[in-house]
4 protein chains.
Amino acid sequence: MILELEQNTTPEQKEKLLERLQQMGFRTAVQEEGRITIVHGVDSTVKKELFTALPHVRSITPLSTTSKLVSKASKSGPTIIEVKGKKIGDGNLFIVAGPCSIETREQMEAAAKAAFESGAQALRGGAFKPRTSPYDFQGLGEEGLKILRETADRYGLLAVTEVMDASQIELAAKYADILQIGTRNMQNFSLLKELGKVKNPILLKRGFSATYQDLLMSAEYILSAGNPNVILCERGIRTFETHTRNTLDLNAIPALHEMTHLPVFADPSHGTGLRSLVAPMAKASVAAGADGIMLEIHPDPDKSYSDAQQTIGLEAFAKLVKQMKVIHEAMI
Amino acid sequence: MILELEQNTTPEQKEKLLERLQQMGFRTAVQEEGRITIVHGVDSTVKKELFTALPHVRSITPLSTTSKLVSKASKSGPTIIEVKGKKIGDGNLFIVAGPCSIETREQMEAAAKAAFESGAQALRGGAFKPRTSPYDFQGLGEEGLKILRETADRYGLLAVTEVMDASQIELAAKYADILQIGTRNMQNFSLLKELGKVKNPILLKRGFSATYQDLLMSAEYILSAGNPNVILCERGIRTFETHTRNTLDLNAIPALHEMTHLPVFADPSHGTGLRSLVAPMAKASVAAGADGIMLEIHPDPDKSYSDAQQTIGLEAFAKLVKQMKVIHEAMI
Amino acid sequence: MILELEQNTTPEQKEKLLERLQQMGFRTAVQEEGRITIVHGVDSTVKKELFTALPHVRSITPLSTTSKLVSKASKSGPTIIEVKGKKIGDGNLFIVAGPCSIETREQMEAAAKAAFESGAQALRGGAFKPRTSPYDFQGLGEEGLKILRETADRYGLLAVTEVMDASQIELAAKYADILQIGTRNMQNFSLLKELGKVKNPILLKRGFSATYQDLLMSAEYILSAGNPNVILCERGIRTFETHTRNTLDLNAIPALHEMTHLPVFADPSHGTGLRSLVAPMAKASVAAGADGIMLEIHPDPDKSYSDAQQTIGLEAFAKLVKQMKVIHEAMI
Amino acid sequence: MILELEQNTTPEQKEKLLERLQQMGFRTAVQEEGRITIVHGVDSTVKKELFTALPHVRSITPLSTTSKLVSKASKSGPTIIEVKGKKIGDGNLFIVAGPCSIETREQMEAAAKAAFESGAQALRGGAFKPRTSPYDFQGLGEEGLKILRETADRYGLLAVTEVMDASQIELAAKYADILQIGTRNMQNFSLLKELGKVKNPILLKRGFSATYQDLLMSAEYILSAGNPNVILCERGIRTFETHTRNTLDLNAIPALHEMTHLPVFADPSHGTGLRSLVAPMAKASVAAGADGIMLEIHPDPDKSYSDAQQTIGLEAFAKLVKQMKVIHEAMI
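Structural notes, computed from the coordinates. The model shown is predicted, which means the values in this text are computed figures rather than measured ones. Going along each chain's sequence as written, the residues are numbered from 1 onward. For this description, chains carry letters from A and ligands carry numbers from 1, given in the order in which they are written. The predicted nature of this model means local features are confined to residues of pLDDT at least 70 and side-chain atom pairs, given and counted, to a pLDDT of 80 or more, with totals for whole chains, interfaces and linings taken over all residues. Derived side-chain values reflect all non-hydrogen atoms in the structure, with water molecules and hydrogen atoms excluded from consideration.

This paragraph deals with the overall build of chain A. Strands are runs of DSSP state E lasting at least two residues, helices are runs of H or I lasting at least four, and both sets are numbered from the N terminus onward. Looking only at helices and strands, chain A features 11 helices and 14 strands. As a reference, a globule follows 2.2 Å times the number of residues to the power 0.38, and the radius of gyration itself is taken over C-alpha atoms. In terms of C-alpha radius of gyration, chain A reaches 21 Å, essentially the compact-globule figure of 20 Å for 332 residues. Expressed as lengths along the three principal axes of its C-alpha atoms, the size of chain A is roughly 65 × 40 × 40 Å. Taking the contacts inside chain A whose residues are at least 6 apart along the sequence as the reference set, 69% of them involve residues at least 24 apart. We call two residues in contact when some of their heavy atoms are within 4.5 Å.

Below, the structure is given as structure tokens:
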């Protein structure tokens, strides 16, 4: 339930109101001035009338949906995330590029240079790799994070890296600006709760078999634990089609924009699993209204330790960014 | 297996060669000058050497794929279909618009006018409706086809209509320029074979649970029965996601373009099932490289007899076409 | 809507009532004595009161579901189909066995002998094969049907064969007792309507991507067109799992039994696509409550023209039937 | 790669051999006497000949599959897990029953009594509940574990509980005999590695969108980290069918039995999500060859805090166990 406050409500009055609501046994959250969202204990059990009685409450909007803080109704306007002067969700196209795994300083240097020159805002790279097989390359750990941070800084890029476990959060948060949650951890609820306690924005990838509602509920875990800066990312779902590694579900982009105020990215690299499909699907993602695009790039794609067949080269990347920007402008 | 002929081969020599191949027990097809495709009896069983011995054969390419005539290898360059001076697959964006069902002359008149004015090339409308429930509106039949033909002609548009059964082909072919096969009939092999005998191009919609390979095999039925003019159409697949009616699989567009020389369309109306998602996904389809877009439009969408919730109004349609064209040009 | 008639209602009075209902503009159907189902024009539009006024109407039950004649509410007790003294849906286990395709008289003779000796009630065999590729074996046609009929008769078995197209119905109905509709034709509505006009029971296979509701709606097409004898058959659905050809969805058996009065079979041969899984899944199907089991058997499975890898040998079949019967008895 | 040792090899000789292999840079594992499995660094890179040169090596079997320790080839005969005198995978039917969440001492007492009396071997109950929504009941924690342990002991039952996070392992392992990993954590690789270090057997549930191969790879994580006692559990996959909560994929049971030596359970409660389908599908699971069945039971199902609609009552449970045992015996 959302309580719209009277405009002249003072901070003190608001505090008092929040205290009172807590005494009434409700969990509350404040996403913006003059608006209190009651996230728990209400809709079903308590009557709306109860709130009309409260001081300074101008209007009341019940939240039908189970996801409350992420729902569009709970916030006026989209969530715009700002990190070191770079904005996400403000209408510009945000590009995250880099290799799947951090391998060497040279590799990251080349990727960062290409990302910077083509106008990307962030550099990605994995230090702890979630691999389906226990016998595959598992990542460089902290050494990798250092390389990521240094190369990102050299080019004024934000650093994005994946966290697979609560124990990795502190370390990753120290080196990276944005923490990424992979498809296999989207419903790792213990991890999500911990991510609610950090300052870094969270890039939450859709589980490869998660519905839009599931994805929003996972984001709700993070918001309700205190971190409002979540970026949703469509990265392909598992279907009967085997020609592609995943089926990139671009319906998700406009659909999620209708359901939530959070920014929505697309990852055509994992969403297709095939290098030759990355460019057309990246362009399609922009046309579908994505706030940002994640791309796996590598100075020598075929030599990449992981995801080689879905990684594009640096020249192809530069060309693609140009085209994405043309499409993005064409749509304004 | 594909036999490339020597450039100076005469029609007579070619005929002789074809006869000889038939005597050898092979089924052959000629998709273009100087190139013979052997569609049956070979790859596994017969040795390549057998053909090198033949006169006028310059080179031989074995076809690994089970779909032969539709495969890219079997034809140099894309299939360009021309109907009454309008081209499909030549690099321009082909737009098919109209209501799901033909209901009244007024309705078709309004739809045709909007289609024409916004620059669409074809008018669609169903006269025989395949409905999941036997108690839903089943279409106007021949009366509807007449309305379709007349309104299309009045605006110089091509007429597209769906055929559900071999018994309807003759009638539909008489009134419509392009025959559409719906998702539920994509593997109705008896029907496909009959469609190989008509002159009209066939717009073959992907089964909602068909793989790319399945779709190509169904197209192969039509080509191998004598009709080379098949348009493939992605229209959404069935997945676990229930928020949308179907999951529009845009990976299919670049993927199919790699596999076949046939043109590939997208149908964002069925591919989403939600009016508000049609425009963004139509734009995404163009950006993904679709040769054409099918759209359900209606002068009064909410009053549409079928598919109301995925049908867009005429103004929204006009605006969308403008944007699709900008994106299409931006990509050249 | 279902009208329960007073017990002493005479046939004449019932006829009058039916006429009157037609004049009122309703489509009606009589599935059993003393009960009229109104299949069209009502639920939404007309008030219940309208019917209480009618003579001889004891009680009225509105049908919420879109599938009416197939719904459990519309009929007291299960549909029991009797053909030549053999019953389906009466609590006994009905076994249909035979090769995928009818190949030779010897092959059918051996299969029929094995089917008969192990206590199966019906012999299956395809004369018109629906093949994904146009270049695969397409069946023997009428010659095959003759072989099927003769071998079945020699062993007192019912004959089951698949119909792929309306044009085949007359021929197939002449030779076979039960007509089978394959997974790819489950929503071939033109075909379904034609099947409503024949006397033969219809074995309707679930589309590999059809929901239970879709399957029931397809059965409704047949019932509403006049043929009450439909057998539903779970044969595996298409999922992301590729180890098996299909995923046999046994949930469908108890679920459909709750939704409809029609008998429900299972086909573990197509449902797994792997010979070694056929026996355990056939037993599981019986334990799940299937009214019948369809099995692909062949005197020399590896030499089978089609579906070789999911076809079991005659000895394995005999052993399996014994086990299925033990399980079936164990459950009573 | 598997090295079969000569029968007269002494423990010392074996130790020496293992050391030498490590010096050669291989990761090895010993699953049973006289057989060494090399799990890493080989198949691709090293020649078979290298091993024939080693002392005491009788024969060498290369492992084609990526999952090594779980593969059938790597171990002679099935894995039989024994806990407090109770065996899993030895041919008997192992039954785990209990509520989804531990709620009160009374509730657990009633469930345990019913489980014991009907002949179940283990009591299940969740203390930390993974809930899709952050606002749902999240479990009693350690207090719940104490209740689980005490009630299980009172009836001589094993205790099974779910672990959602590495931080919970120590606590759960202290109170429960078997640790369960839920469907959403099946690919939480950090957690899997930690589970390799505990003594408790692990009941690993299949991810609702995981292939058999994915499931085996996750089990491989646990085995390769040192814990050989893993039980696989089919619990339903996500498909397009929405009538049931999940689609119980019983093909998985015989299929996994062909691929691995680990025991395979089935969970018809989650696999259907509908109370009325639990019994038939539990029986089907037994007929398909499951080594064990997991069931959600509750003294007052409708009052259950979670999964109410898929939980069965105690009488229904007692009746079901009787039938499952009859079927299980019928199959021997």
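As a further point, take the relation of the copies chain B and chain C. The copies are overlaid by a least-squares fit using only the C-alpha atoms of residues whose pLDDT is at least 70 in both copies. Screw-axis analysis of chain B against chain C gives a translation of 0.0 Å along the axis, an RMSD of 0.1 Å, and a rotation angle of 180°. In the structure described here, the two chain copies are related by an operation that fits a two-fold rotation axis. Closest approach to the rotation axis among the C-alpha atoms of chain B is made by Ser209 of chain B, whose C-alpha sits 3.0 Å away. A high fraction, 97%, of the interface residues of chain B reappear at the interface in chain C, so the copies pair face to face through one surface.

Every contact between the two is made by 38 residues of chain B and, on the other side, 38 residues of chain A. Summed over both sides, the interface of chain B with chain A buries roughly 2,800 Å², with 67% coming from carbon and sulfur. When the buried area of chain B at its contact with chain A is split by residue, Phe240, Glu241 and Asn251 of chain B rank highest and sum to 22% of it. Only one rule defines a salt bridge in this text: a Lys or Arg side-chain nitrogen within 4 Å of an Asp or Glu carboxyl oxygen. The interface formed by chain B and chain A includes two salt bridges. By the criterion applied in these results, polar contacts are pairs of N or O atoms within 3.5 Å in which, for protein atoms, one can donate a hydrogen and the other can accept it, and in which residues neighboring in sequence qualify only through two side-chain atoms. Remark: the boundary between chain B and chain A carries 10 residue pairs in polar contact (both at pLDDT 80 or more). Basically, the charged four are Asp, Glu, Lys and Arg, the nonpolar ten are Ala, Val, Leu, Ile, Met, Phe, Trp, Tyr, Cys and Pro, and anything else, Gly included, counts as polar. Taken together, the residues of the side of chain B that touches chain A sort by class into 20 nonpolar, 12 polar and six charged. A quick way to say it: buried area is the sum, across both parts, of accessible area lost when two parts are put together, with a 1.4 Å probe.

This part is about the pattern of salt bridges. Should their charged atoms come close, side chains of opposite charge can pair. Per the counting criterion, the structure on display carries 72 salt bridges over all chains. Lys113 of chain A serves as the salt-bridge partner of Glu117 of chain A, at 2.7 Å between the closest nitrogen and oxygen. Highlighted residues: Glu117 of chain A and Lys113 of chain A, both in helix H3 (residues 105-117), separated by four residues, approximately one helical turn. Among the residues examined, Lys113 of chain A registers a relative accessible area of 39% and is labelled partly exposed. With its nearest N and O atoms 2.7 Å apart, the salt bridge here joins Glu234 of chain D to Arg206 of chain D. Of this pair, Glu234 of chain D sits in strand E12 (residues 230-234) while Arg206 of chain D sits in the loop between strand E11 (202-205) and helix H7 (212-224); the two residues are 28 residues apart in sequence, bridging distant segments of the chain. Both residues of the pair, Glu234 of chain D and Arg206 of chain D, count as buried. Type-normalised accessible area, obtained with a 1.4 Å probe on protein chains alone, sets the label of each residue: buried when under 20%, exposed when over 50%, and partly exposed for intermediate values.

On their own, these measurements won't tell you what the molecule is for.
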